[in-house]
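Structural features, examined
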Amino acid sequence: MDEFQCPCCKKIMLHPLLLQKLKGLRYKLAKPVIITSGYRCPSYNLEVGGVKSSYHLLGMAADIYVPGISLTSLLKFAEEIGFKGIGSYPERNFLHLDIRPTRQARWQG
Ligand SMILES: [Zn+2]
Ligand SMILES: [Zn+2]
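We now turn to the structure provided with this report. Remember, it's a predicted structure, so these values are computed and weren't measured experimentally. (Residues numbered from 1 in each chain as written. Chains lettered and ligands numbered in written order. Predicted model: local features only at pLDDT ≥ 70, side-chain atom pairs only at ≥ 80, totals over all residues. Heavy atoms only, no water.)

Looking now at the nonpolar core. Among the nonpolar cores identified, the biggest contains 27 residues, and Leu-22, Ile-64, Leu-74, Phe-83, Leu-95 and Leu-97 are the most heavily contacted of them. Contacts of Leu-97, omitting those with residues within four sequence positions, involve Leu-18, Leu-25, Met-60, Ala-61, Ala-62, Ile-64, Ala-78, Phe-83, Gly-85 and Ile-86. (Core = buried A, V, L, I, M, F, W, Y, C linked by side-chain atoms within 4.5 Å. Buried < 20%, exposed > 50% of the residue type's maximum accessible area, 1.4 Å probe, protein only. Contact = heavy atoms within 4.5 Å.)

Shown next, in the form of structure tokens:
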């Protein structure tokens, strides 16, 4: 999962449960799931304006898009897979998915 590396330092942290769920999504959709942001080290997270408590810092979040499928249907599939945090960014056409241990969160960016 090279696409999961931090773009600035190539470090990688990927929680096994996140990997499992992303694979589940890939399997369900039978389409490639493109990861636009995976692990972020603290300095890169700062650079891209991520929040301090971002799950990207823990390898527990991924920003994804899937060519040929609407964000609305992608969101439905992500809910079925059981991602707890789901942020939808229609303007840039991607979903943020995370496996936060707390209760479910939904937002639109
Ligand atoms: Zn980095
Ligand atoms: Zn994200």
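Anyway, onward from the coordinates.
What follows concerns the side chain of His-96. Position of His-96 relative to the elements: it lies in strand E4 (residues 94-98). At a separation of 3.1 Å, a polar atom in the side chain of His-96 contacts the side chain of Asp-63. Filtering out sequence-adjacent residues up to four positions away, His-96 remains in contact with His-56, Ala-61, Ala-62, Asp-63, Gly-85, Ile-86, Gly-87, Tyr-89 and Trp-107. (Helix = DSSP H or I, 4+ residues; strand = E, 2+ residues; numbered from the N terminus. Polar contact = N/O pair within 3.5 Å; in protein donor to acceptor, adjacent residues only side chain to side chain.)

Distances from the zinc ion (ligand 1) to its protein donors, namely Cys-6 (SG), Cys-8 (SG), Cys-9 (SG) and Cys-41 (SG), fall within the range 2.2 to 2.3 Å. Around the zinc ion (ligand 1) sit four donor atoms, and with donor-metal-donor angles ranging over 103 to 123° the site reads as tetrahedral. Between the donor residues of the zinc ion (ligand 1), the gaps in sequence give the motif C-x1-C-C-x31-C. Here Cys-6 is found in the segment before helix H1 (16-29), whereas its partner Cys-41 is found in the loop between strand E1 (34-37) and helix H2 (42-47), with 35 residues between them in sequence. On the basis of relative accessibility, which here comes to 7%, the residue Cys-41 falls in the buried class. (Donors = N, O, S within 2.8 Å, 3.2 Å for Na, K, Ca; no water. Tetrahedral: all angles 85-135°; square planar, octahedral: opposite > 155°, others 65-115°.)

All right, on to helix H3 (residues 71-81) then. At 3.6 residues per turn, the α-helix brings residues three or four places apart onto the same side. Among the residues of H3, those classed as buried are Leu-71, Leu-74, Ala-78 and Ile-81. Around the axis of H3, the buried residues are gathered within 75° of arc, so they sit on the same side. H3 presents Thr-72, Lys-76 and Glu-80 as exposed residues on the side facing more than 90 degrees away from its buried surface. Next to the buried residues of H3 lie H1, strand E2 (61-65), strand E3 (85-89) and E4. Once H3 ends, the next one or two residues include Gly-82, with phi positive near 95°. (Arc of directions from axis to C-beta.)

Here we take up the packing of aromatic side chains. Each pair of aromatic rings is reported with the distance of its centres and the angle of its planes. Counted by the stated rule, this structure contains one aromatic pair. Ring geometry for Tyr-89 against Phe-94: centres 4.6 Å apart, planes inclined by 10°, an arrangement best described as stacked. A relative accessible area of 11% places Phe-94 in the buried class. (Phe/Tyr/Trp six-rings, centres within 6.5 Å; stacked < 30°, edge-to-face > 60°.)

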